[in-house]
Amino acid sequence: MVEATLLATLAVATLASLFMAWAIGAGSSGSTPFAPAVGANAISVMRAGFLVGLLGLAGATLQGANVSEAVGQELIGGVTLSPAGATLALLLAAGLVAFGVFTGYPIATAFTVTGAVVGIGLAAGGDPAWAKYREIVALWVATPFVGGGIAYGVAKTLRDERVPERTAVPALAGFVAILLANVNFVLLGGPGEQSSIAVELAAAAGQATLAGRVLVSFVFALVVAALLYRDLQADAAAGQRHFLLVLGGLVAFSAGGSQVGLAIGPLLPLLGPETGVEVPLGVVLVFGGLGLLAGSWTGAPRMIKAIAQDYSSLGPRRSIAALIPSFAIAQTAVLFGIPVSFNEIIVSAIIGSGSAAGGGAVSGEKMGKTVLAWIGSLALALGLGYGLFVVLTAIVG
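Reading guide: rules and limits
- Residues numbered from 1 in each chain as written.
- Predicted model: local features only at pLDDT ≥ 70, side-chain atom pairs only at ≥ 80, totals over all residues.
- Heavy atoms only, no water.
- UniProt positions renumbered as here; feature names shortened; annotations may be inferred.
- Helix = DSSP H or I, 4+ residues; strand = E, 2+ residues; numbered from the N terminus.
- Rg over C-alpha atoms; globule rule 2.2 N^0.38 Å.
- Contact = heavy atoms within 4.5 Å.
- Areas by Shrake-Rupley, 256 points an atom, 1.4 Å probe, with all protein chains shown as cover.
- Lys, Arg positive; Asp, Glu negative; His and termini not counted.
- Charge placed at Lys NZ, Arg CZ, Asp CG, Glu CD.
- Phe/Tyr/Trp six-rings, centres within 6.5 Å; stacked < 30°, edge-to-face > 60°.
- Buried < 20%, exposed > 50% of the residue type's maximum accessible area, 1.4 Å probe, protein only.
- Axes fitted to C-alpha atoms, helices over the stretch in contact; angles between N-to-C directions.
- Left-handed = near helix turned anticlockwise from the far one by under 90°.
- Nonpolar A, V, L, I, M, F, W, Y, C, P; charged D, E, K, R; others polar.
- Polar contact = N/O pair within 3.5 Å; in protein donor to acceptor, adjacent residues only side chain to side chain.
- Patch = residues over 30% accessible without salt bridge, like charges linked within 9 Å, V, L, I, M, F, W, Y side chains within 5 Å.
- Salt bridge = Lys/Arg side-chain N within 4 Å of Asp/Glu carboxyl O.
- Expected span 1.5 Å × (residues − 1).
- Parallel < 35°, antiparallel > 145°, perpendicular 65-115°, else oblique.

The name an unreviewed UniProt entry gives the protein chain is Phosphate transporter, with Halapricum hydrolyticum as the organism. What the UniProt record of the protein chain gives under Sequence similarities (unreviewed entry) is the line "Belongs to the inorganic phosphate transporter (PiT) (TC 2.A.20) family." Per UniProt, the protein chain has the following entry under Subcellular location (unreviewed entry): "Membrane".

Right, dumping it as structure tokens:
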């Protein structure tokens, strides 16, 4: 029999998790992916909000397991978060995010959740998971340079008059297709496993080898590039808009897979055999995905409209340049189970693509404040998590 206290704790934690999912869906993961397409008049604001919600739900359900398990189980060693600790982590993270929403202070969700879980885990006597921390810090530090650098290079290439746009854009589509062919999905694997399009098609063709997967990826890229080339030949502007729509969809899907873990990861310790309340991970992912969808449908349209104005100043080519590395980095985070800030990904890519025009200089003061806000979110959540759990333990104990 599950104790009434545990049920009450679970109810509070579930509400905090749902709020986190809503805030993420209404924020960057829901508002950013289709903003370039809206800015290019390829899709309406309301339709973009509707699609981003569905794609975020799909990404959360099909790709959210890695990051969710990392946040819930891999950020601290030696201990499993107690129901009180897991609930405190969610309440602290949700409270800081709510503070940011209502005051306009740029609280970074990924940094906040990570800091809260680590701080509470350390206060509970856990050991630092140094190997995981190195992975996380490496991606966080690399994102501005890799994302911004790729976006800059792509935008610069598309602006170069010596490079035919009707050749360069299909080539970029082929590159995106190679990434997509090698992305893992739950539906393609066996029970409890994940697999990719390239792996499954190569196996179906009797070529379940690295060479077979490479060949399948190459053929897939050629098909996608050829289709877009034909589209561009018919109408270059329309072809660019179509590519933007596809990229927006891929980024929205990736955002769901990479961000849902921030909302439901701390909830997982409450839903295991230790507590007697066992819920399959797939069900929890759907719950988190529905929270993202609700946020996207209710809060994202207003944000999409505002952000689209910034993207419209970038133009379709630089928007394409910004979305390609965003998709790649988000999928890297999903693959390795690393909680990552979608805002950091997008901001870095926008700066990189905008800089390619020569007139996209970004205020150093503004960027400095943004970076300090990210670091401050992590430090504040970690410190508060540690301190509040010590106080809670002293009171309860």
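Anyway, onward from the coordinates.
(A) Expanded view of the overall build of the protein chain. Helix and strand content of the protein chain: 16 helices and four strands. Taking 2.2 N^0.38 as the reference for a compact globule, 397 residues should give roughly 21 Å; the C-alpha atoms of the protein chain span a radius of gyration of 21 Å, in line with that estimate. The dimensions of the protein chain, computed from C-alpha atoms along their principal axes, are 70 × 55 × 35 Å. Long-range contacts, defined here as pairs at least 24 residues apart, represent 82% of the contacts in the protein chain between residues at least 6 apart. Per element, the accessible surface of the protein chain, about 17,300 Å² overall, is 68% carbon and sulfur. Of the charged side chains in the protein chain, 16 are positive and 17 negative; the average position of the first set lies 16 Å away from that of the second.

(B) Inspection of the packing of aromatic side chains at higher detail. Within this structure, the stated rule accounts for six aromatic pairs. For the pair F185 and F253, a centre-to-centre distance of 5.8 Å together with 55 degrees between the ring planes defines the contact as tilted. Note that F185 is positioned in strand β3 (residues 184–185) and F253 in helix α12 (residues 236–264), a separation of 68 residues in sequence. Each member of the pair, F185 together with F253, is buried. Counting every residue linked through ring pairs, the aromatic cluster contains F111, W140 and W374.

(C) Structural context of the packing of helix α9 (residues 165–181) against helix α11 (residues 210–234). Two elements in contact, α9 and α11, have axes separated by 7 Å at closest approach and are oriented at 145 degrees. Taken as a pair, α9 and α11 cross one another with a handedness that is right-handed. Taken together, the residues of α11 that come into contact with α9 (itself represented by E165, R166, V169, P170, A173, G174, A177, I178, L180 and A181) are S217, F220, A221, V224, A225, L228, Y229, L232 and Q233. Of the residues contributing to the contact of α9 with α11, the split by class is 14 nonpolar, three polar and two charged.

(D) Expanded view of the side chain of S341. Within the secondary structure, S341 is located in the loop between α14 (300–336) and α15 (342–355). Within the structure, the side chain of S341 is placed 3.1 Å from the backbone nitrogen of E344, a separation counted as a polar contact. Here S341 is in contact with A110 and F111, once residues within four sequence places are set aside.

(E) Representation of a nonpolar patch on the surface within the structure. The grouping of L215, F218, V219, L222, V223 and L227 at the surface amounts to a nonpolar patch, some 580 Å² of accessible area in total. With respect to the helices, strands and loops of the structure, L227 is situated in helix α11.

(F) Broad picture of α9. Between its first and last C-alpha atoms α9 spans 24 Å; for 17 residues at 1.5 Å apiece the expected length is 24 Å, and the two agree. For α9, the full list of buried residues reads A168, V169, P170, L172, A173, G174, V176, A177 and A181.

(G) Structural detail: the packing of α12 against helix α13 (residues 281–298). Taken N-terminus to C-terminus, the directions of α12 and α13 make an angle of 105 degrees; their axes are 9 Å apart at the nearest point. Between α12 and α13, the interaxial angle falls into the category roughly perpendicular. Here G256, V260 and I264 of α12 come into contact with α13, specifically with V284, L285, F287, G288, G289 and L292. In terms of residue class, the contact of α12 with α13 is made up of six nonpolar, three polar and no charged.

(H) Structural context of the environment of A208. Relative to the helices and strands, A208 is located in the loop between α10 (197–204) and α11. Of the residues examined, A208 reaches a relative accessible area of 57% and is grouped as exposed. In this structure the C-alpha to C-alpha distance between A208 and A198, which are 10 residues apart in sequence, comes to 9.4 Å. Those residues in contact with A208 that sit more than four places away from it in its chain are A202 and A203.

(I) Summary view of the pattern of salt bridges. Counted by the stated rule, this structure contains four salt bridges. Here E165 makes a salt bridge to R317, at a shortest N to O gap of 3.6 Å. Within this pair, whereas E165 is found in helix α9, its partner R317 is found in helix α14, the two being separated by 152 residues in sequence. The network of salt bridges with shared partners includes E74, K132 and E135.

(J) Spatial organisation of the environment of V141. For V141, the position within the fold is in helix α8 (residues 130–159). Of the residues examined, V141 reaches a relative accessible area of 48% and is grouped as partly exposed. With 203 residues separating them along the chain, V141 and E344 place their C-alpha atoms 10.0 Å apart.

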